[in-house]
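Examination of the molecular architecture
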Amino acid sequence: MSVLVTGGAGYIGSHTVAELVAHGEDVVVIDNLRQGHRAAVRDVPLYEVDIRDTEQVGRILRDHKVDTVVHFAANSLVGESVEKPLQYYENNVAATAKLLSAMVDNGVLNIVFSSTAAVYGEPVRTPIHEEDPTVPTNPYGETKLAIERMFRWCHQAYGLKSISLRYFNAAGAHPTLPIGEDHNPETHLIPIVLQAALGQRPHVSIFGNDYPTPDGTCIRDYVHVMDLASAHRLSVNRLRTGGGVEAFNLGSGTGFSVQQVIDVAREVTGRDILAVHSPRRPGDPAVLVASSDKAKQVLGWKPQYDDLSTIVASAWAWHQSHPNGYED
Ligand code: UDP
């Protein structure tokens, strides 16, 4: 019995692989390595295969006696999705349909899915609960929601069980292994702030300072990547003993503004970080904060890194030791 992780060479995928291995799971990774890093996958088989290749995926499912798939492989940039919606429908929705075909054909009926807070769009209340309206404001969130809906029909037709994990803002790095966040291009706030602390960028742009928040900058819920990883492990266990079609928010429940993140990073790094005001980024809601009570109650999820300084310090350790990411 083993777990297949698609996109296991990516940021959250590689940390989840490490978490599963640390808990004694047999893990196998497939990744087409377009965004993932070979060096992020340690001590488990890595197949450079696209999830659309049903023949190869089917063979891997059988050869490794896979019972559960943890599915990360996707395109995940909001701005890019607005410019290239068809690429997102192809690489997220159509590719996942192919993956599910290979699973159903081989009797693998458990999937843990990497979903996103972007399925909610502009929230109707804070914090956001799972039953709140899902009205995505960009193709990235729309395609993730389409996949969540596909699971419902596949449950009815084939008995496929799924857990969709709606992440808020993932950050941080593994506490002991040399894995961390390395995107190209980097668009996320915390790595950008830390690149500025390292002198790799002249400044951080604050996208908008006229939001209806106490300091005018956007508020987000930052959650440590190892806490996300543990939620995936708990979800694998839940599907093995029950479950059906479920979705869970994963966040810390506390919001921090862009300005607060920069202030915390200045404290943690002891470096000057120049911040300049820039226009709003299209599609950014003012406040996104999760209620993760359901994940705590149903999955027994216990986030370990609930404070922003710890999360930023963990990311800083990775960026300092790997200023050029996996190229180092
Ligand atoms: N942000 C910013 N400057 C940057 C990158 C991000 O002000 O260079 C803001 C962004 O507008 C958002 C928050 O930081 O309000 C978090 O953005 P990120 O891209 O990290 O995650 P998202 O919330 O889009 O998933």
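A short tour of the structure in this document, coming up. None of these values were measured; they are calculated from a predicted model.

The side chains of a regular strand alternate, residue by residue, between the two faces of the sheet. Across the 6 residues that make up strand E4 (residues 66–71), a large majority, 6, are buried. Where strand E1 (residues 2–6) lies against E4, 5 bridges are found, and the strand directions are parallel. Bridge pairing links Val3 to Thr68 in E4. In the sheet, E4 pairs with strand E5 (residues 110–116) via 3 bridges, with the strands oriented parallel. Bridge pairing in E5 links Val70 to Val112.

As a further point, take the sheet that holds strand E12 (residues 256–257). Taken in spatial order, the 3 strands of this open sheet run E12-E9-E14, and their pairing is mixed. The open sheet has two edge strands, E12 and strand E14 (287–288), and neither has a second partner. As judged from the 2 bridges shared by strand E9 (residues 219–220) and E12, these two strands associate in the antiparallel manner. Looking across to E12, one finds that Ile219 is bridged to Ser257.

All right, on to unusual backbone geometry then. With an omega dihedral of -5 degrees, the bond running from Thr126 to Pro127 counts as a cis peptide bond. Assignment of secondary structure puts Pro127 in the loop between E5 and helix H5 (139–158). The amide bond that connects Asn184 to the next residue, Pro185, takes the cis arrangement and shows omega of 0 degrees. Positionally, Pro185 belongs in the loop between strand E7 (169–171) and helix H6 (189–197). The phi angle at Asp43 is positive, at roughly 65 degrees, despite the residue not being glycine. Tracing the sequence through the fold places Asp43 in the loop between strand E2 (27–30) and strand E3 (46–47). For Lys65, which is not glycine, the phi dihedral falls at a positive 50 degrees. Relative to the elements of secondary structure, Lys65 occurs in the loop between helix H2 (54–63) and E4.

Thresholds applied
- Residues numbered from 1 in each chain as written.
- Predicted model: local features only at pLDDT ≥ 70, side-chain atom pairs only at ≥ 80, totals over all residues.
- Heavy atoms only, no water.
- Buried < 20%, exposed > 50% of the residue type's maximum accessible area, 1.4 Å probe, protein only.
- Helix = DSSP H or I, 4+ residues; strand = E, 2+ residues; numbered from the N terminus.
- Pairing = 2+ DSSP bridges.

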